[in-house]
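Observations on the model geometry
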Amino acid sequence: MDAKARNCLLQHREALEKDIKTSYIMDYMISDGVLTVSEEEKVKNEPTRQQKAAMLIKMILKKDNYCYISFYKALLQEGYKDLAALLHGGIPVLSSSNGKDSLVGVTSYVKTVLCEGGVPQRPVVFVTRKKLVHAIRQKLLKLDGEPGWVTIYGMAGCGKSVLAAEAVRDHTLLEGCFPGGVHWLSVGKQDKSGLLMKLQNLCTRLDQDESFSQRLPLNIEEAKDRLRILMLRKHPRSLLILDDVWDPWVLKAFDNQCQILLTTRDRSVTDSVMGSPLVVSLIGALLRDFPNRWEYYLRQLQNKQFKRIRKCSSYDYEALDEAMSISVEMLREDIKDYYTDLSILQKDVKVPTKVLCILWDMETEEVEDILQEFVNKSLLFCDRNGKSFRYYLHDLQVDFLTEKNRSQLQDLHRKIITQFQRHHRLHTLSPDQEDCMYWYNFLAYHMASANMHKELCALMFSLDWIKAKTELVGPAHLIHEFVEYRHILDEKEISVCSQDCSVCENFQEFLSLNGHLLGRQPFPNIVQLGLCEPETSEVYQQAKLQAKQEVDNGMLYLEWINKKNIKNLSRLVVRPHTDAVYHACFSGDGQRIASCGADKTLQVFKAETGEKLLEIKAHEDEVLCCAFSTDDRFIATCSVDKKVKIWNSMTGELVHTYDEHSEQVNCCHFTNNSHHLLLATGSSDSFLKLWDLNEKDCRNTMFGHTNSVNHCRFSPDDKLLASCSADGSLKLWDVKSANERKSINVKQFFISSEEPQEDMEVIVKCCSWSSDGARIMVAAKNKIFLVDVHTCGLLAEIHTGHHSTIQYCDFSPSNHLAVVALSQYCVELWNMDSCLKVADCRGHLSWVHSVMFSPDGSSFLTSSDDETIRLWETKKVCKNSGIVLKQEIDVLFQENEVMILAVDNMRRLQLINGKTGQIDYLTEAQVSSCCLSPHLQYVALGGEDGAIKILELLNNRIFQSKIGHKSAVRHVQFTTDGKTLISSSDDSVIQVWNWQSEEYVFLQAHQEAVKDFRLLRNSRLLSWSFDGTVKIWSFELLSPLHELRGHKGCVRCSVFSGDSTLLATGDDNGEIRIWSVSNGELLHLCAPISVEEGAATHGGWVTDLCFSPDSKMLVSAEGSLKWWNAVTGESAQTFYTNGTNLKKIHVSPDFKTYVTVDNLGILYILQVLE
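First, a word on what this report is: a plain description of the structure on this page. (Residues numbered from 1 in each chain as written. Predicted model: local features only at pLDDT ≥ 70, side-chain atom pairs only at ≥ 80, totals over all residues. Heavy atoms only, no water.)

1. Describing the nonpolar core
One finds Tyr-339, Leu-342, Trp-360, Phe-374 and Phe-482 to be the most contacted residues of the largest nonpolar core, which totals 92 residues. No other element matches helix H24 (residues 436-449), which puts 10 residues into this core. When near neighbours in sequence (up to four residues on either side) are disregarded, Tyr-339 contacts Met-324, Val-328, Leu-331, Phe-374, Leu-379, Leu-393, Gln-397 and Leu-401. Counting residues in each nonpolar core, the second largest holds 31 residues, with Val-34, Val-43, Tyr-72 and Ala-74 among its members. (Core = buried A, V, L, I, M, F, W, Y, C linked by side-chain atoms within 4.5 Å. Buried < 20%, exposed > 50% of the residue type's maximum accessible area, 1.4 Å probe, protein only. Helix = DSSP H or I, 4+ residues; strand = E, 2+ residues; numbered from the N terminus. Contact = heavy atoms within 4.5 Å.)

Below, the structure is given as structure tokens:
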């Protein structure tokens, strides 16, 4: 090695040893022939990365100038451009006198072998194509000494011959795989005599000492045998290169168990040797019936020139159409038309025999006989699954039939619909029927293809059809069909659509917003769900019609009479996971959504319909984050299992696995530019890492944070990377150098006199860049800070005003809006210019973990612990943001009126007329419970501080209890005469206060907090507690009359029937027990039915119960409202509220009106439909 090169290497030795990873660099150097495999093993045996690098450099210092140049090129190739620049000044000037090729490091041995084998030299103007050369070498390596073919095909002049020659210009390949040598034969366009001459010349070259024969072969067959003997005996393990093969028949002369590399401009030439599986199958099937007809079929194949079908085919077999046509022509005349009928089948769909029985109006045995004829001829394939037979066509056969019968397709589709209508009525389809699933999946497709628009509308706008189909396959496929056939369904001239093109929108919206219910067991009553739709909706009108018919047969249905005041702001609700959803993101084109969560899976589905595209068991532990690459080709996932994985976003194939983090990986994000794709990841090990998808190992590790890295985001121009950490800082990193550019101490923004900085833990949760990259939004605790990227100055501060923390935030790509996810179940939109809240988005039933705007900002998605992902339209949300109620309400039913006392989120006490919707605001109050007196004269208020007040509505006079509770008041209730107020609290005491005489009775009720109580007749009281007991009291006695034990968990609610013969209790396990009062016997246990993991009848705690006056019905409040038959213990109806965790159900004396508030603050006034 030159002294200059050696000195340069020694000068920069420390920097090289510190940074390089040796594996790929050594691969490059081995392919150049400057490093041996044994030397590679020696390097690999070193224990650490730095020691491996040191050993490699030590070896290079002992080698020549070619090794220095190869090392320099390897650094450039593997992305170490900065290190290569250090070595550039030491590059030596090469001479080609010492037996090595000056371009690639080809050895003298390689030159000798290629020269002897007649391999052409490089052209004067030579362009390296390393990827293609590497791919060819890999294919040659796979031959591994066994006979086989490697084909390089491409158009004329594209450099196939140069690539073939370059692929074998490799010392390791020749020495390891083809020690017998390489033999090049230029073939070209030849006739038989020309080919014989080529073969004679090749045999002469291979047998120069004439040890096998002294005369030339006289014909092609003899030449083929001579070549085979020479290759096997005299040149074993050698490679024969056939350059520029034009005709398939030529290859037959070389089909002699050799290893062959060939170049051709026609890919199909190898079919004559290796065969087209489908053509062989078709011709073989014909020969089975007529074994003497081979010459005839061969002549037919050679003579017929049918039009090629290329439309959807990834195959390219020249003889396919000819074979198909011959096979079809050879069918019996009486069954040819039946094969034509199969033109309507879709690709990759297996059709039950019963479907074709209906199509052809035949018995099963007759149909199977005909289909077996097709199977025998390889015109159809059969999948035998137990007793049932399912038939399908190869994709190419579908293409062939579609093309051949294009003019008949509409009539063929109409035929199958007509036959279906003759044999089936929609409501008679049963899941246990063999053909049931086929009709549910493809009936709409056949109607649309048959141009039967009226019938398609009638089908798609049928609540019966939607109910039946969603019960079997879920809502996503139906939503897809509404999108797919929207152009048909919106046609105004179709009478069934009621001249209103919004009908399609009604049904699609209904499915989209109830998909999380319709896709799960136990399956909800779809008519009851339909009754919750707006009264102008076609869905509601059909549901109302059906409900009225079923009510006559004793069915119970509820009308939501105040629903017109409620607007559902979600556009789509999907439930792709079986556990919490930690992250969801849009693809770059906004068409797909990827999500991940606690169930360890990655899900990909269509953003418009929720239709599932991929489901991948991605990691061994919870998946915390996912991200699409900018070009949408890849999805990255990271997990608690410390691994980062890269997936093909279309196929779900695993592309890379990275496991260099030592703790769970919390976040991942791709660069915004697809030309040089990088992935950033942040981990609880406090490190950020940058990954180049073309490399096996991490490109850069960024040190600086002292605690978990929670979030990272590239700037819009990809020059900076922002990271957020539990150490209280936001850092900006230079992507090119991986150096820390700026650090912002977010903790400083929280400095106040009330909270000294040293006592405060500030975890920076997330950040988001503005579209111009000039500002960055940072979230920590319950505040958002807007920071100037250039000055690091604080531009704005937003206090969300919640006790909960901000989980996630995202800047809109198109305007000044930001969306913020809070642990308090809600999502908020803020104007970052004015620092004002624009909207509340309520709908999730648990913590919201992530939010993200679509690429154009027109919509955003939210993902939650409640297993759902919701899509929201930004404009729609901004227009609707209303007052919400707290759950502590009281209701008074007077004659025809329903009066509701409630406190809203603005701390205003309001009196609502349930029938008219009129609201009277009474006063501001910080209350934990409230109630109305029987004649609407007084309002009682229980406070968080334990205080109890009574407000006289007529003159606003206030009476206050002198002796309050020690803890928050959970329930207050007047006696029927209004003179006594009873209250319970977290302090386990029940207070009986005659507020007019100032007399008090205190009942030391339970060992733990009193959950609630209920007034009984004859001055008696029923109470229940967290301690699992239920007690009955008399106001006169200070000890309980009765005590019931039986619930393992907390007893949340308890109620007597109207005739005092039954007692119902509900607990935290979601169980309702109905007891006989006379003897304490348990009559019924209404237990949760767990159909899937996490799915139960009640949806959690049973919080309230009420019997009907005749004691035959029972209503319960939990995650939803549920009505029960108290005589049998069976469920009669379920009303799914938008939110969950219902605390109380208020029931009118006639058991026909019900009032409750869910945890989203939505008021429900329900009436029994009559």
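Next comes the rest of the account.
2. Section: the packing of H24 against helix H26 (residues 463-473)
Viewed as axis vectors pointing N to C, H24 and H26 meet at an angle of 115°, and their least axial separation amounts to 11 Å. Considering only the axes of H24 and H26, their crossing is left-handed. Every residue of H26 that contacts H24 at Cys-436, Met-437, Trp-439, Tyr-440, Asn-441 and Leu-443 is listed here: Trp-465, Ala-468, Lys-469, Leu-472 and Val-473. Each residue belonging to the contact of H24 with H26 can be placed in one class, and the counts come to nine nonpolar, one polar and one charged. (Axes fitted to C-alpha atoms, helices over the stretch in contact; angles between N-to-C directions. Left-handed = near helix turned anticlockwise from the far one by under 90°. Nonpolar A, V, L, I, M, F, W, Y, C, P; charged D, E, K, R; others polar.)

3. Some thoughts on H24
Spacing of three or four residues puts side chains on the same side of an α-helix, whose turn is 3.6 residues. An ideal rise of 1.5 Å per residue puts 20 Å on 14 residues; H24 measures up with 20 Å between its terminal C-alpha atoms. Maximum bend of H24: about 50°, positioned at Phe-442. Counting buried residues in H24 gives 11 out of 14 residues, a clear majority hidden from the surface. Buried residues of H24: Cys-436, Tyr-438, Trp-439, Tyr-440, Phe-442, Leu-443, Ala-444, Tyr-445, His-446, Met-447 and Ala-448, and no others. Downstream of H24 by one or two residues, Asn-451 has phi in the positive range, about 65°. (Expected span 1.5 Å × (residues − 1). Bend = angle between axes of the 7 residues up to and from the residue.)

4. Looking at the pattern of salt bridges
Under the defined criterion, the tally for this structure stands at 42 salt bridges. Note that Asp-334 and Arg-332 form a salt bridge whose closest N and O atoms lie 3.0 Å from each other. For Arg-332, the salt bridge is made with Glu-373, and the minimal N-O distance between the two is 2.7 Å. You can see Arg-332 sitting in the loop between helix H18 (320-329) and helix H19 (333-341) and its partner Glu-373 sitting in helix H21 (residues 364-376), a full 41 residues away along the chain. (Salt bridge = Lys/Arg side-chain N within 4 Å of Asp/Glu carboxyl O.)

5. Things to note about the packing of aromatic side chains
To describe a pair of aromatic rings, one takes the distance between the centres and the angle between the planes. Enumeration over the complete set of coordinates arrives at 26 aromatic pairs. Summarising the aromatic geometry, the rings of Trp-560 and Phe-1135 are spaced 6.2 Å apart at their centres and angled 90° between planes, so their arrangement reads as edge-to-face. Taken together, the positions of Trp-560 in strand E8 (residues 558-560) and Phe-1135 in strand E60 (residues 1131-1135) put the pair 575 residues apart, joining distant regions of the chain. With respect to class, Trp-560 is no different from Phe-1135; both count as buried. For the pair Tyr-658 and Trp-691, a centre-to-centre distance of 4.3 Å together with 15° between the ring planes defines the contact as stacked. Of the two residues, Tyr-658 sits in strand E17 (residues 654-658) while Trp-691 sits in strand E20 (residues 688-692), which places them 33 residues apart along the sequence. Judged by its relative accessible area of 2%, Tyr-658 falls in the buried class. Through successive ring pairs, a cluster of aromatic residues spans Phe-420, Tyr-438, Trp-439 and Phe-442. The positively charged end of Lys-350 is found above the aromatic ring belonging to Tyr-392, 5.2 Å away from the centroid. The residue whose ring lies beneath Lys-1122 is Trp-1124, and the NZ or CZ to ring-centre distance is 5.7 Å. (Phe/Tyr/Trp six-rings, centres within 6.5 Å; stacked < 30°, edge-to-face > 60°. Lys NZ or Arg CZ within 6 Å of the ring centre and 35° of its normal.)

6. Considering the sheet that holds strand E28 (residues 783-788)
Read across the open sheet, the four strands follow the order E26-E27-E28-E29; overall the sheet is antiparallel. Sheet topology places strand E26 (764-769) and strand E29 (794-799) at the edges, where each strand pairs with a single neighbour. Sheet twist, expressed as the average angle between the axes of neighbouring strands with direction ignored, equals 20°. With six bridges joining them, strand E27 (residues 775-780) and E28 adopt antiparallel strand pairing. When the bridges of E28 are listed, Met-777 appears paired with Leu-786. (Pairing = 2+ DSSP bridges.)

7. Brief notes about unusual backbone geometry
Of note, the phi angle at Lys-600 is positive, near 75°, even though the residue is not glycine. When you line up the elements, Lys-600 lands in the loop between strand E11 (592-597) and strand E12 (601-606). With relative accessibility at 30%, the residue Lys-600 sits in the partly exposed group. For Cys-792, which is not a glycine, the phi torsion comes out positive at approximately 65°. By relative accessible area, Cys-792 is classed as partly exposed at 24%.

8. A word on the pairing of strand E37 (residues 890-894)
Sheet faces and side chains relate simply in a regular strand, where the side chains alternate between the two faces. Two elements, E37 and strand E38 (residues 897-903), share five bridges in a ladder whose sense is antiparallel. Its bridge partner lying in E38, Val-891 is registered against Ile-900. Connecting E37 to the next strand, E38, in antiparallel fashion are two residues, including Glu-895 with a positive phi near 45°.

9. Focus on the sheet that holds strand E59 (residues 1121-1125)
Read across the open sheet, the four strands follow the order E57-E58-E59-E60; overall the sheet is antiparallel. Strands at the two margins of the open sheet, each flanked by one partner only, are strand E57 (1104-1107) and E60. With direction set aside, neighbouring strand axes in the sheet form an average angle of 15°. Of the pairings in the sheet, the one linking E59 to E60 comprises four bridges and is antiparallel in character. The residue bridging Lys-1122 from the neighbouring strand is Thr-1134, located in E60.

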